[in-house]
Structures are given as C-alpha cells and as structure tokens.
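Listed here are the chains, written in short residue letters.
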Amino acid sequence: FETAPGEEMQIDWSVYTVPIGDRTKTVRAFSAVLKYSRKAHVRFYFDERQSTLLEAQCHAFADFGGVTTRVVYDRMATVVLGQVGRGGKVIWHPRLLAFAEHYGFDPYACKVADPDRKGAVERFFLYLEEDFVRASSFATLEELNERVRLWLRDTANCRVHGTTCAVPDEQWQAERDLLIRLPEQRFPSYDEELRQVDPDSTLSIRGTRYTVPHEVADKNVWVRLHAEHFEVLAPGGRIVFGRRYVAEQDKGKLQIDPSHYDGLSRGPNNPARGPALRLEEAFLARFPTLADLVVGLKLRLKRLSHIHLRMLWRLAVRYGDDAFVAAATKAQAHRAFNAQAVRRILAVAGVDVDAGGMDDYACYDGGGVDAGDGEEQKGGGDE
C-alpha cells in the first residue's frame, strides 16, 4: 500500500555483525524510511536502549527536515509496555508518548507477527545488508556511520526505487514541505544520573574512568548519558565537561585530560590536590603503561587504593623499574588489582622480598606526600 506525502514514517532496528578495528562487533542499525518518498536514514549504535532509540529518531527527523503525522513501530519493549482487552489496546511507554507529543506525531504499533505492515523499512534492511554491510570492514563506529551516510547520499537515496519507480531524494523534495516542522528544542532523549565525583576529580562512566574539571571534585553532579557522548553538569546546571565515549579498545583505561587540573596549586594546603592525587599523578608519569592497574585499584579497593599505590611505589624503588614493571604488567593482565599480587609475582620470579619492607617509608618525593604517613594508614585500615 502507498500513503500520501508527509503521512507515514516507518522505523525499526536490525542487527549485524561487522569487523570494526581488529575485532568482530555486533552493531544495531537504526533505520527510518519515509513511506511516500522512500527516502531512508540509517545510523549504527552498539545498543538499543530507549534513550538511544529516541536520540536516533531525533537524528532521523533532522535528516528529513521534519516528521510525518504517523510513525510506525513494532512492539519493542522501549516503545510498548503491553496491551489490554480483547482488542489488544496498546499501552505506550510514557516517555515515548511524551516524545511523540513533543514532535506532534501519532505513534502506531504494528500487530504482532505482522512485518508486512512496515514492509518499506524491512525491505530496506535487506538492501542495506546486500549493498553496504556485506564484506565490509571499518576502523571505528564513527567511520561506519560516516560511510553509511555517504552511501545513503550517493547510492541509496538517489537510485530509482524498484516499487515506486521514482528517485527517493526527488520524491522527498516534494514531500518535505508537508512534514511537521521540528520544534526549536530537541527532546531530552538522554538518560540522566546523579553521581559523586571522586576527590581526585575522576568519574566512572560505563566502565571507564575519566578526569573531569577540578571545580567539581568531590561534588555531586548530574551526568547526561547520550547515545554517543556524555555531559557533566556542575551544581546549578552548567555543563562543565562533555566528550564522546572512548572506543571499544580503550574501555576500562583511565582517560586523563591534564587541563582539568589547570590552575590548581601544588601546595599541601589545596584539598583538591591531596596526597593521594599527587601520588597517582607521579605514579602514572613514571609508569604510563600501568594506567589500567591504577584504574583497577581505584574501582576495586576504593579509598584503600592509595595505600596500595604506596606499596607499589616502594616495590619499584627497591627492585628497580624493569623488574617492577614486568611484575606489575603481569598482575594487570590477570586483573589482580592489589599490591600483594605484584609482590608475590616478584617473589615467584626469584626476587627476595623483605616481609617487613612493605611498612618502611617510601622514597617518594611527591610535593609533600609522605608515603608512610601513619595517620593515613590507620585511616585506610578503618575504611
């Protein structure tokens, strides 16, 4: 069946397995197709969260220059909560209804096991797989999305469509004036969470720790989690930091932006640059390949992590950088995030470790950091 211009848009997800970098990854292709013109939009994501679905639709609406009066979905859990009564009345997800109201369209849910109702987008996925996805590889997700954008522009939307016998882009030129105009403000499609920034001005986002501006160190902040990036808001609502999520190969590695500590005094009286932070900075400057070990200590041991950093520093001073880095790298690879593991590896390797040496004062001059501070050790033990 065909519809009038500006009347209907069909959307759906399709899952593909593609080579990205040196790994094979599962990606989710979001597609929206204007039923009248058959102009298509595609963007790839790593998940199908509701926030991702809403953000994907925002990209599609912007690409089309508006939205149709009706948007057709299947009964995905992020859209439909269930149905009631003999007629199967749909219970829409409240956030989806708010989204539809914001943009002025009517949502429509296909009946169960009725793929033909949104055949335009279903058939487009077959075309996408055969003409674009199959036998392709990509360096990053960003490259995948850039290449599919060019494929849509140069191939998919400028071909003669097999059903309409018209070029989608040409038909869209006549259709776009009949689309509902987009509001000035985008719908807030992101997920928002209240988090506490650590005293060293770091924050864990989806399994990866990032530094954030020192002005929010040890404070509660709101974090907006978008599909492809996140934002950190200071108390009062001002955005103080935002960036894309790290690539898959860098997940779990500490992401340091030195500018986040600009303007901080290095004196001992500055609470934002406490002993633990100075020790961590010195350790990472000396052993940059052990960043994952530092992250693991902080995630697993929390406030005890600085004690283990001191122990690691002592081991490095006593046994030399080469032997220490070899042992610590092995512990890091096996996710043994504690100083005792490194000490045991050194012992197995034939290095004679003095059992009492771990309590000696360290040879670390970190601008006022006393690695053998008895009061801090006691406080760490109480934790």
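Relevant structure appears above.
Keep in mind it's a predicted model, so treat the numbers as computed, not measured. (Residues numbered from 1 in each chain as written. Predicted model: local features only at pLDDT ≥ 70, side-chain atom pairs only at ≥ 80, totals over all residues. Heavy atoms only, no water.)

With respect to the sheet that holds strand β3 (residues 40–45)
Strand-to-strand pairing in sheets goes through backbone hydrogen bonds, with the strands running parallel or antiparallel. Under the convention used in this document: When DSSP finds two or more bridges between a pair of strands, those strands are recorded as paired. Secondary structure elements follow DSSP: runs of H or I no shorter than four residues count as helices, runs of E no shorter than two count as strands, and numbering proceeds from the N terminus. Axis geometry follows a simple rule: fit a line to the C-alpha atoms, using only the stretch in contact for helices, then measure angles between N-to-C directions, giving values from 0 to 180 degrees.
Pairing is mixed in the open sheet, where 5 strands are placed in the order β3-β2-β1-β4-β7. In this open sheet, the two edge strands, each paired with only one partner strand, are β3 and β7 (106–109). Pairwise comparison of adjacent strand axes, ignoring direction, gives a mean angle of 30 degrees for this sheet. Bridge count for strand β1 (residues 8–20) against strand β4 (residues 70–73) is 3 bridges, and the pairing is parallel. Counted as the bridge partner of Met9 is Val71 from β4.

Looking at the environment of Val67
Put simply, the test is: The criterion used for residue contact is that any of the two residues' heavy atoms lie within 4.5 Å.
As for its placement among the helices and strands, Val67 is situated in the loop between α1 (50–64) and β4. Separated by 36 residues in the primary sequence, Val67 and Tyr103 have C-alpha atoms spaced 7.4 Å apart. Beyond its immediate sequence surroundings of up to four residues, Val67 is in contact with Met9, Phe61, Tyr103, Phe105, Leu179, Ile180 and Leu182.

Side note on unusual backbone geometry
Residues other than glycine seldom take positive phi values, yet Arg206 does so here, at roughly 50 degrees. For Arg206, the location among the structural elements is in the loop between β9 (202–205) and β10 (208–211). The backbone of Asp218 shows a phi angle near 65 degrees, a positive value even though the residue is not glycine. Relative to the assigned elements, Asp218 resides in the loop between β10 and β11 (220–225).

Things to note about the environment of Val294
Threshold: Here's how the labels work: a residue is buried when its accessible area is under 20% of the maximum for its type, exposed when over 50%, partly exposed in between, all with a 1.4 Å probe on protein chains only.
With respect to the helices and strands, Val294 occurs in helix α7 (residues 291–301). Residue classification places Val294 among the buried residues on the basis of a relative accessible area of 1%. Residues Val294 and Gln332, spaced 38 residues apart in sequence, show a C-alpha to C-alpha distance of 9.1 Å. Non-local contacts of Val294, meaning those with residues more than four positions away in its chain, are made with Glu280, Phe283, Leu284 and Leu309.

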